[in-house]
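Each chain, letter by letter, is given below.
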Amino acid sequence: MAAPPGPESIALLERFVAALKAHGVVTEDEIGTQIERTDRASPEIGARMVARAWTDPAYRRLLLTDGSAAAEEAGISMAGMPPLGVLEDTDNVHHLVVCTLCSCYPRAVLGYPPHWYKSAAYRARAVRDPRAVLAEWGTVLPDGMEVRVVDSTADYRWMVLPQRPDGTEGWDATRLASIVTRDALVGVSLPIAA
């Protein structure tokens, strides 16, 4: 975990924000709105989007075509955010999301990235040996299934639309969302019907 910012870093940030305000780039209200939006973001948002895609074919098409528009339709502002792409898992392909450079992550719909997502070990091993990484999470895929590792970047963020588990027929969107975890939304685990 990163150390808390020191006094020099805090002073530098305060000077930077003051300069942005002085030049009319940003207002105090805009800063407050952004902080509130960031604090509200959580994996439950992505889980609700997945559950809706599992139950609404039109929304599923939108989610897979334009993840940002699907987030907006779900009430999540994507203003100022990189585009959101959504990767559909199938019977033949499983997706695993990683940011090989740092920790690019779709924060608007998943909240803050977990510590392991930012670790150098995950970032390197997910690319080199994705099946081993998945197995450590208890995710063992059939031998014939392709594992596609996708790099989330500063220009484009990704999340996974996992397959709907068997045994969830007749479940409403709220119950479906309850089985979609943050880890399933980046592909290290699968939703399990409980």
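Here, every reference points to the structure presented above.
What counts and what doesn't
Residues numbered from 1 in each chain as written. Predicted model: local features only at pLDDT ≥ 70, side-chain atom pairs only at ≥ 80, totals over all residues. Heavy atoms only, no water. Helix = DSSP H or I, 4+ residues; strand = E, 2+ residues; numbered from the N terminus. Buried < 20%, exposed > 50% of the residue type's maximum accessible area, 1.4 Å probe, protein only. Contact = heavy atoms within 4.5 Å. Areas by Shrake-Rupley, 256 points an atom, 1.4 Å probe, with all protein chains shown as cover. Lys, Arg positive; Asp, Glu negative; His and termini not counted. Charge placed at Lys NZ, Arg CZ, Asp CG, Glu CD. 1 Å grid on protein atoms, 1.4 Å probe; cavity = no way out; pocket = protein on both sides within 12 Å on 5 of 7 lines; lining within 4 Å. Points joined across faces, edges and corners; volume = space filled by probe spheres on them. Axes fitted to C-alpha atoms, helices over the stretch in contact; angles between N-to-C directions. Parallel < 35°, antiparallel > 145°, perpendicular 65-115°, else oblique. Left-handed = near helix turned anticlockwise from the far one by under 90°. Expected span 1.5 Å × (residues − 1). Phe/Tyr/Trp six-rings, centres within 6.5 Å; stacked < 30°, edge-to-face > 60°. Lys NZ or Arg CZ within 6 Å of the ring centre and 35° of its normal.

### Overview of the overall build of the chain
Looking only at helices and strands, one finds eleven helices and four strands in the chain. Considered along the principal axes of its C-alpha atoms, the chain spans approximately 55 × 35 × 25 Å. Among the 194 residues that make up the chain, the fraction classed as buried is 40%. Sequence separation of 24 or more characterises 65% of the internal contacts of the chain that already satisfy a separation of 6 or more. When the accessible surface of the chain is totalled, it reaches about 10800 Å², and 57% of it is carbon and sulfur. Mean positive and mean negative side-chain charge positions of the chain (19 and 25 charges, respectively) differ by 2 Å.

### Points about empty space enclosed by the protein
Tallied over the full model, the rule gives one cavity of 30 Å³ or more. One number sums up the size of the largest cavity: a volume of about 60 Å³. Together, Met-78, Met-81, Pro-82, Leu-84, Tyr-105, Pro-106, Arg-107, Ala-108, Val-109 and Arg-157 line the largest cavity. Ranked by residue count, the leading element in the lining of the largest cavity is helix H6 (residues 107-110), at three residues.

### Side note on the packing of helix H3 (residues 43-55) against helix H4 (residues 57-65)
Relative orientation of the contacting elements H3 and H4 amounts to 125 degrees, with a least axis distance of 6 Å. Between H3 and H4, the angle falls in the class oblique. At the point where H3 passes H4, the crossing takes the left-handed sense. On H4, the residues touching Met-49, Arg-52, Ala-53, Trp-54 and Thr-55 of H3 are Pro-57, Tyr-59, Arg-60 and Leu-63.

### So, helix H1 (residues 7-22)
Note: α-helices contain 3.6 residues per turn, so residues at a spacing of three or four share the same orientation. End to end, H1 covers 22 Å across 16 residues, agreeing with the expected 22 Å (1.5 Å per residue, within 8%). Looking one or two residues past H1, Gly-24 carries a phi angle of roughly 75 degrees, positive in sign.

### Here we look at the side chain of Thr-139
Within the secondary structure, Thr-139 is located in the loop between helix H9 (130-136) and strand E3 (146-151). Accessibility expressed as a relative area gives 4% for Thr-139, which makes it buried. Filtering out sequence-adjacent residues up to four positions away, Thr-139 remains in contact with Leu-134, Val-188, Ser-189 and Leu-190.

### Let's talk about the packing of aromatic side chains
Summed over the entire model, instances satisfying the criterion amount to six aromatic pairs. Ring geometry for Trp-116 and Tyr-117: centres 6.2 Å apart, planes at 75 degrees, overall edge-to-face. A relative accessible area of 12% means that Trp-116 is categorised as buried. On the basis of relative accessibility, which here comes to 0%, the residue Tyr-117 falls in the buried class. Taken together, a centroid distance of 4.8 Å and an interplanar angle of 45 degrees make the contact between Tyr-156 and Trp-158 tilted. Joined through ring pairs, the aromatic side chains of Tyr-105, Trp-116, Tyr-117, Tyr-122 and Trp-137 make up one cluster. It is Arg-175 that lies over the ring of Trp-171; its NZ or CZ is 3.8 Å from the centre.

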